[in-house]
Amino acid sequence: QVQLVESGGGLVQAGGSLRLACAASGRTFSNYVMGWFRRTPDWEREFVGAITGRGRSTYYGASVKGRFTISRDNAKNTVYLQMNSLKPEDTAVYYCAAGDTMEGFDAWGQGTQVTVSS
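Chemist: Is there a simple way to think about the sheet that holds strand 3 (residues 18-24) in this case?
Modeler: Across a sheet, paired strands are connected by hydrogen bonds in the backbone, their directions being either parallel or antiparallel. Strand order in the open sheet formed by four strands is 1-3-8-7, with antiparallel pairing between adjacent strands. Strand pairing shows two members of the sheet lacking a second neighbour, strand 1 (4-7) and strand 7 (68-73), which therefore form its edges. Ignoring which end each strand starts from, the neighbouring axes of this sheet average 15° apart. Two elements, strand 7 and strand 8 (residues 78-83), share six bridges in a ladder whose sense is antiparallel. Among the inter-strand pairings, aspartate 73 is bridged to a residue of strand 8, identified as threonine 78.

In structure tokens form, the structure reads like this:
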């Protein structure tokens, strides 16, 4: 089973950028849909983005569309989330997830904290 570890979180000012990475174990990484989710301080879990196994399709939540970009490098077993024009509302713990389909993310990382100050 795939295991996931996020990195790249931190504290940034509004308008700044961060790049998150999620490193996956296993030999079948390219078979998984990879997603990014976030849990806000209000304990809401929000879909951020997803990318299909070979990177041919990407999807984004409305609140981040145009600001965030998801990508993957299957040779490195890594998925990325480039976050630009960050807002205080983006403050959350960001989790990557893997699943066979968009409806079935069943492997999760431990999360990485992103804090955006005004």
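Chemist: Explain the environment of glycine 35 here, please?
Modeler: Locating glycine 35 in the fold gives a position in strand 4 (residues 33-39). Note: C-alpha distance between glycine 35 and isoleucine 51 (16 residues apart in sequence) is 6.4 Å. Beyond its immediate stretch of four places on either side in the chain, glycine 35 contacts Gly49, Ala50, Tyr95, Cys96, Ala97 and Phe105.

Chemist: Would you take a moment to explain the state of the cysteines for this structure?
Modeler: Formally, a disulfide is one covalent bond, and it connects the sulfur atom of one cysteine to the sulfur atom of another. Evaluation of the coordinates by the stated rule reveals one disulfide. Across the disulfide, cysteine 22 is cross-linked to cysteine 96 (sulfur-sulfur distance 2.0 Å). Between cysteine 22 and cysteine 96 the disulfide shows an S-S torsion of about 55°. By sign, it is right-handed. Here cysteine 22 is found in strand 3, whereas its partner cysteine 96 is found in strand 9 (residues 92-99), with 74 residues between them in sequence. Neither residue differs from the other here; cysteine 22 and cysteine 96 are each classed as buried.

Chemist: How do you make sense of the side chain of threonine 91 when you look at a structure like this?
Modeler: Along the chain, the position of threonine 91 falls in the loop between strand 8 and strand 9. On the basis of relative accessibility, which here comes to 15%, the residue threonine 91 falls in the buried class. A polar side-chain atom of threonine 91 sits 3.0 Å from the main-chain carbonyl oxygen of proline 88. Apart from the residues lying within four places of it in its own chain, the contact partners of threonine 91 are Thr40, Pro41, Gln113, Val114, Thr115 and Val116.

Chemist: How do you make sense of the side chain of arginine 38 when you look at a structure like this?
Modeler: In this fold, arginine 38 is placed in strand 4. Side chain to side chain, arginine 38 and serine 63 meet in a polar contact 3.3 Å long. Residues in contact with arginine 38, not counting those within four places in the same chain, are Glu44, Arg45, Glu46, Val48, Ser63, Val64, Phe68, Glu89, Asp90, Ala92, Val93 and Tyr94.

Chemist: What's the story with the pattern of salt bridges in this structure? I'm lost.
Modeler: Note on pairing: side chains with opposite charge can pair once their charged atoms come close. Tallying each qualifying case throughout the model produces three salt bridges. Close ionic contact of glutamate 46 with arginine 38 constitutes a salt bridge, the shortest N to O distance being 2.9 Å. The exposure class assigned to arginine 38 is buried, which follows from its relative accessible area of 3%. Arginine 38 is paired through a salt bridge with aspartate 90; the nearest N and O atoms lie 2.9 Å apart. Pair noted here: arginine 38 is in strand 4 and aspartate 90 is in the loop between strand 8 and strand 9, with a separation of 52 residues, a long-range link.

Definitions and limits used
- All residue numbers here refer to positions counted from 1 along the written sequence of the relevant chain.
- In keeping with the model being predicted, local features are shown solely for residues with a pLDDT of at least 70 and side-chain atom pairs are shown and tallied solely at 80 or more, while totals for entire chains, interfaces and linings include all residues.
- Only hydrogens and water are set aside when side-chain values are computed; all heavy atoms of the structure are taken into account.
- A strand pair is defined by DSSP finding two or more bridges across the two strands.
- Numbering of helices and strands starts at the N terminus; helices are DSSP runs of H or I of at least 4 residues and strands are runs of E of at least 2.
- The convention used is that axes are lines fitted to C-alpha atoms, helices contributing only their stretch in contact, and that angles between N-to-C directions extend from 0 to 180 degrees.
- By definition, residues are in contact when any of their heavy atoms lie within 4.5 Å.
- Sulfur atoms of two cysteines make up a disulfide when they are within 2.5 Å.
- Partly exposed describes any residue whose relative accessible area lies between the buried limit of under 20% and the exposed limit of over 50%, with all areas from a 1.4 Å probe on protein chains only and scaled to the type maximum.
- Here a polar contact is recorded for every N or O atom pair within 3.5 Å, except that within protein the pair must consist of a potential hydrogen donor and a potential acceptor, and residues adjacent in sequence are included only if both atoms are side-chain atoms.
- Salt bridge, as used here, is a side-chain nitrogen of Lys or Arg placed within 4 Å of a carboxyl oxygen of Asp or Glu.

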